[in-house]
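Chain by chain, the residues:
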Amino acid sequence: MSIDEGTAARVAKLARIQVDPAQLPALAQDFNTILGFIEQLNEVDVEGVEPMVSVTPMRLKRRKDGVTDGNMQDKVLSNAPDAREGFFAVPKVVE
Amino acid sequence: MNDLPKMKIAEARDALRKGDVTSLELTEACLAAIDGAGALNAFVHHTPDLARAQAKAADARLQGREEAPALCGIPLGIKDLFCTRGVASQAASNILKGFTPEYESTVSQQLFDAGAVMLGKLNMDEFAMGSSNETSCYGNAVNPWRRGNDETALTPGGSSGGSAAAVAADLCLGATGTDTGGSIRQPAAFTGITGIKPTYGRCSRWGIVAFASSLDQAGPMTKDVRDAAIMLQAMCGHDPRDSTSADLPVPDFEAMLTGDIRGKTIGIPREYRMDGMPGEIEALWSEGRRMLEDAGAQIADISLPHTKYALPAYYVIAPAEASSNLARYDGVRYGHRAKLSQGDGITEMYEKTRAEGFGDEVKRRVMIGTYVLSAGFYDAYYNRARKVRTLIKRDFEEVFAQGVDAILTPATPSSAFALGESHDDPVQMYLNDVFTVTVNLAGLPGIAVPAGTDKHGLPLGLQLIGRPWEEGDLLNTAYALEQAAGFVAKPAKWW
C-alpha cells in the first residue's frame, strides 16, 4: 500500500491540521515509511483472536448517577483564548 | 550544602525525621543546583516560591516526628505532563502555551499530601512522543553523562528526558515520569538511574495529559531501587476519577526489599536477542543473568514468540489513541489559538491552530492515527493491531503460568546517543523502545536498573519485567540485581 499526496492531504484534512502543499510529498513519504513498518503485522495469524479491549480484566466501577461538582464557570473559562459573557467564543459556525 | 541534593530519598527521609537537616535547607540546596544547571535544560518551569512554602510546611509537620510520611520534605521534580494547579503544564507543546490548570493531577496531589516539595516542571518530548527529548517545545534536555572527555552532547532519552537528567545530575532527589512505550525506562537506562513503570491501573491517570490512554502509566525515577519503592508507594492507589485505576491495596514496597531471591525463577526471552545488538549489551545481559543466578535464582530460557510484532502494533495503537486524545486541542477551551484571516471560519481556526501548535512528530502521529482509524482501514490496521496485542499479552501469561517470576532483558538497544543523531527516519527512532514496549502492551510492571557501563563509560541498564500487580516482588528482584551490579558511577560535572 502506497500513500500518495492526495491521500496525505485527505488525512491532514481529517485530522484538522493545515499542511502546506509543498510539504505533502515529504509527508506522504513519512507515512509510507511508517506504514511499511506496520505492514509486518500482516505476517501474524490472528484467526479467532479477540481484539484487546482492556489490558487488565476489570469490571468498570459504578457510582450513583449524581452531580459531583460544578458551579465553576470562572475556572472552566480561565484558560480560554477567547471567553465572553461566560461563554467560549469562536468564529461564526452557522451562516 | 552543595552535597545535600546528592542525597537519596531514604537518606534524606531519615535525616529529616531526626532533625539533622530541614526541608528548607534541602530545598534551597536543590534550587541552587538547578540554577547552576541551565545547560542541562532539565527544569523548564521553576517554582521556587512554591517549593519554599511547601518546604516550610513540611518542616512544621516533621518536627522530629518519626511517623511523618516518607516523602515529607523531599524535593522532587514533576514532569511537565502532570497538571499542577496554578503552575504551567504544557506537555512540552506550544499548543498548551500559557495553560495553567485549575486542578491538580491525582499523582502530584498524593505526593503533596505526603509532604513532598515541587521544585519545578521537567522537560520532556512533546506530548511524551519521542525517545530523545528532541521534540520538546523548550528544546532538548541534555544528558549529564558524556563519552569520557568527548564534549558531544548526548540525549538523556525520552520522553521523560528532563526527569532523567535532573535526577542523574542531582538537581532533585527524585522525579515523576510517565511511560507509554518506554518513556521512564529508556531515559533511566541512558542516565544511570532507576525507573519503574507499574502495572497499568496502579497509578491514577487523572490530571496527566493523555497520550495513549490504554498504555500510559506514571512512575518514579530515582537514584536507586529503595527510593523507587518509597516514591512509587506514594504515587499508587485507587482513584474514582480514573475508571481504569485499580481498587487494590497497595503493599509496603520498601518493606519487601529483602534482597533474597532464592528460589525465584527468572526468564530470559530468546526473542530479545536482536540482530545487530551491540556486544556490550549482549555481555551486560549475560552478566545480569549470572548475577541473579549467583543470588540464588533459577534461570529459565523462555520464548515470547510475538515480541517482533510489538513495535508495529504499538505504532498503530498509540497513534490511534493519540489522534483521539489530541482532538481536544482545537483552540477553543485552552492553549494556543491561531490568528485568523478575514473570512476564516471554525474549520480554518482548527486547522491553523493545530498546524501552529503541534510539532512535526506529534502531527505525524496524529495523522497516522487518523489514517489507521479511517473508514476502510480500521479493520486492516487498528483491529489487527489489537488482536496482536492480545497475543503479546498471552505470551507473557503463558510464561508466568509456567512459574516464571520475572523476566530479564536489556533496557535499551544502545547507550545514550548523540543529540541530532537519528532524525532522518522516524522508524529508526522508534526502535529505541524495542525492549520496553511489550510491557506497556501487556500492561505489566517493568523496571530499568543501571547495571554497567559501555566502552565510553556511559551507563547501561537492564530491565526486569514482573507479574501484574506484583511490583513489590519485582522491586525486590531489582534490588538484588542492583546490589550484585554495584553501579555507583556518577556523571562528572561539566555544566
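What counts and how
Residues numbered from 1 in each chain as written. Chains lettered and ligands numbered in written order. Predicted model: local features only at pLDDT ≥ 70, side-chain atom pairs only at ≥ 80, totals over all residues. Heavy atoms only, no water. Helix = DSSP H or I, 4+ residues; strand = E, 2+ residues; numbered from the N terminus. Rg over C-alpha atoms; globule rule 2.2 N^0.38 Å. Buried < 20%, exposed > 50% of the residue type's maximum accessible area, 1.4 Å probe, protein only. Lys, Arg positive; Asp, Glu negative; His and termini not counted. Charge placed at Lys NZ, Arg CZ, Asp CG, Glu CD. Contact = heavy atoms within 4.5 Å. Pairing = 2+ DSSP bridges. Axes fitted to C-alpha atoms, helices over the stretch in contact; angles between N-to-C directions. Right-handed = clockwise from strand over helix to strand, strands pointing away. Phe/Tyr/Trp six-rings, centres within 6.5 Å; stacked < 30°, edge-to-face > 60°. Salt bridge = Lys/Arg side-chain N within 4 Å of Asp/Glu carboxyl O. Buried area = accessible area lost by both parts, 1.4 Å probe. Left-handed = near helix turned anticlockwise from the far one by under 90°. Patch = residues over 30% accessible without salt bridge, like charges linked within 9 Å, V, L, I, M, F, W, Y side chains within 5 Å. Areas by Shrake-Rupley, 256 points an atom, 1.4 Å probe, with all protein chains shown as cover. Expected span 1.5 Å × (residues − 1). Core = buried A, V, L, I, M, F, W, Y, C linked by side-chain atoms within 4.5 Å.

Q: So what exactly am I meant to see when it comes to the overall build of chain A here?
A: Assigned secondary structure in chain A consists of three helices and two strands. For chain A, the sequential pattern of α-helices and β-strands runs α-α-α-β-β. Computed over the C-alpha atoms, the radius of gyration of chain A is 23 Å, more than 25% above the 12 Å expected from 2.2 N^0.38 for a compact globule of 95 residues. Across its three principal axes, chain A shows a C-alpha extent of roughly 55 × 45 × 25 Å. Counting only residues that meet the buried cut, chain A has 29% of its 95 residues in that class. Side-chain charges of chain A comprise 11 positive and 15 negative groups, with the mean position of each set lying 15 Å from the other.

Q: Help me out: how do you make sense of the side chain of D170(B) in this one?
A: Checked against the element boundaries, D170(B) lands in the loop between α5 (161–168) and β4 (174–179). In contact with D170(B), other than residues within four places in its own chain, are P5(B), K6(B), A33(B), K223(B) and K490(B).

Q: Even after reading the chapter, I still don't get the sheet that holds strand β11 (residues 459–466) of chain B, so can you show me in this structure?
A: Within a sheet, neighbouring strands are paired by backbone hydrogen bonds and run either parallel or antiparallel to one another. All names here are of chain B. Pairing is mixed across the open sheet formed by 11 strands, whose spatial order is β1-β3-β2-β4-β6-β5-β10-β11-β9-β7-β8. A single partner strand is all that each edge strand has here, and the edge strands are β1 (43–46) and β8 (298–302). Along the sheet, successive strands turn relative to each other by an average axial angle of 30 degrees, direction set aside. Here helix α2 (residues 23–35) sits on the sheet in contact with β1, β2 (75–79) and β3 (117–122), set at roughly 20 degrees to β3. The strands that helix α7 (residues 225–235) touches are β2, β4, β5 (194–197), β6 (217–222) and β10 (446–453); relative to β6, the one it contacts most, it runs at about 145 degrees.

Q: Where do I start with unusual backbone geometry in this structure?
A: Most peptide bonds are trans, and most residues other than glycine sit at a negative phi. Residue and element names in this part refer to chain B. Omega for the peptide link from G158 to S159 comes to 10 degrees, which places this bond in the cis form. Here S159 lies in the loop between β3 and α5. Although it is not a glycine, F127 sits at a positive phi angle of roughly 55 degrees. Here F127 is to be found in the loop between β3 and α5. In this structure, W469 takes a positive phi of about 70 degrees despite not being glycine.

Q: Can you help me understand the pairing of β2(B) in this one?
A: Each regular strand carries side chains that alternate between the two faces of the sheet. Residues and elements named next belong to chain B. Burial runs high along β2: five of the five residues are buried. Side chains P75, G77 and K79 of β2 all project onto a buried face; the interleaved residues L76 and I78 project onto the opposite face, where all are buried too. Handedness of the β-α-β unit built from β2, helix α4 (residues 106–113) and β3 comes out right-handed. Relative to β4, β2 runs parallel, the two sharing two bridges. Within β4, the position partnered with L76 by the bridge is G174.

Q: For this particular structure, what's the right way to read the packing of aromatic side chains?
A: Here a ring pair, both rings aromatic, is described through the centre-centre distance and the interplanar angle of the planes. Residue and element names in this part refer to chain B. If you walk through the whole model with that rule in mind, you get 17 aromatic pairs over all chains. A centroid spacing of 6.0 Å and a plane angle of 75 degrees characterise the contact between F127 and F358, whose relative ring orientation is edge-to-face. Within this pair, whereas F127 is found in the loop between β3 and α5, its partner F358 is found in the loop between α10 (346–357) and α11 (360–373), the two being separated by 231 residues in sequence. A single burial state applies to F127 and to F358, both of which are buried. Judged by centre distance (6.2 Å) and plane angle (40 degrees), the rings of F377 and Y381 are tilted. One aromatic cluster in this structure is built from F99, F127, Y329, Y334 and F358.

Q: Would you take a moment to explain the pairing of β8(B) for this structure?
A: For strand β7 (residues 265–269) of chain B and β8(B), the ladder comprises five bridges, and the chain directions are parallel. Looking at β8(B), one finds that P269(B) is bridged to I302(B).

Q: Would you mind showing me how to read the pattern of salt bridges here?
A: Residues and elements named next belong to chain B. Using the criterion set out here, one finds 31 salt bridges over all chains in the structure. The closest approach of N and O atoms between D330 and R333, which form a salt bridge, is 3.5 Å. With a relative accessible area of 13%, D330 lands in the buried category.

Q: Just checking my understanding: could you explain the interface of chain B and chain A for this structure?
A: Interfaces are frequently sized by the accessible area removed from exposure as the parts join. Across the contact, 67 residues belong to chain B and 52 residues belong to chain A. In total, about 5100 Å² of surface goes out of reach between chain B and chain A, with carbon and sulfur atoms giving 70% of it. Taken as a group, M367(B), Y371(B) and R384(B) account for 13% of the area that chain B buries against chain A, more than any other trio of residues on that side. Here chain B and chain A share five salt bridges between them. We note a salt bridge from K13(A) to E351(B), for which the minimum N-O separation is 2.8 Å.

Q: Hey, could you run me through the packing of helix α2 (residues 24–38) of chain A against α11(B) in this one?
A: Angle between the axes and distance between the axes are the two parameters that describe a pair of packed helices. Contact geometry of α2(A) with α11(B) gives a least axis separation of 11 Å together with a crossing angle of 65 degrees. In this structure, α2(A) crosses over α11(B), and the sense of that crossing is right-handed. On α11(B), the residues touching L27(A), D30(A), F31(A), I34(A) and L35(A) of α2(A) are R364(B), M367(B), I368(B), Y371(B) and V372(B).

Q: Explanation requested: a nonpolar patch on the surface in the structure shown.
A: Taken together, the side chains of M72(A), V76(A) and F88(A) present a nonpolar region at the surface, about 230 Å² in accessible area. In this structure, V76(A) sits in helix α3 (residues 73–77).

Q: For this particular structure, what's the right way to read α11(B)?
A: Residue pairs spaced three or four apart in an α-helix point in one direction, given the helix's 3.6 residues per turn. A rise of 1.5 Å per residue sets the reference length of α11(B), with its 14 residues, at 20 Å; its end C-alpha atoms lie 20 Å apart and thus fit the reference within 8%. The element α11(B) is largely enclosed, with a buried count of 12 among its 14 residues. Taken together, the buried residues of α11(B) touch α1 (5–14) and α2 of chain A together with α9 (310–325), α10, α12 (378–401) and α13 (426–430) of chain B.

Q: I keep staring at the nonpolar core and nothing clicks. Help me out?
A: Burial of nonpolar side chains together is a common tendency in soluble globular proteins. Ranked by size, the top nonpolar core spans 188 residues in total, and within it L71(B), L111(B), F127(B), F396(B) and L475(B) carry the most contacts. Not counting residues up to four positions away in its chain, the partners in contact with L71(B) are I9(B), L111(B), A114(B), G115(B), A116(B), I230(B), M231(B) and A234(B).

Q: Explain the environment of F253(B) to me, please; I cannot follow it from the model alone.
A: Residue and element names in this part refer to chain B. Structurally, F253 is set in the loop between α7 and β7. The exposure class assigned to F253 is buried, which follows from its relative accessible area of 0%. Measuring from C-alpha to C-alpha, the distance between F253 and G369 comes to 38 Å, with 116 residues separating the pair along the chain. Beyond its immediate sequence surroundings of up to four residues, F253 is in contact with R202, A229, L232, Q233, C236, E471, G472 and L475.

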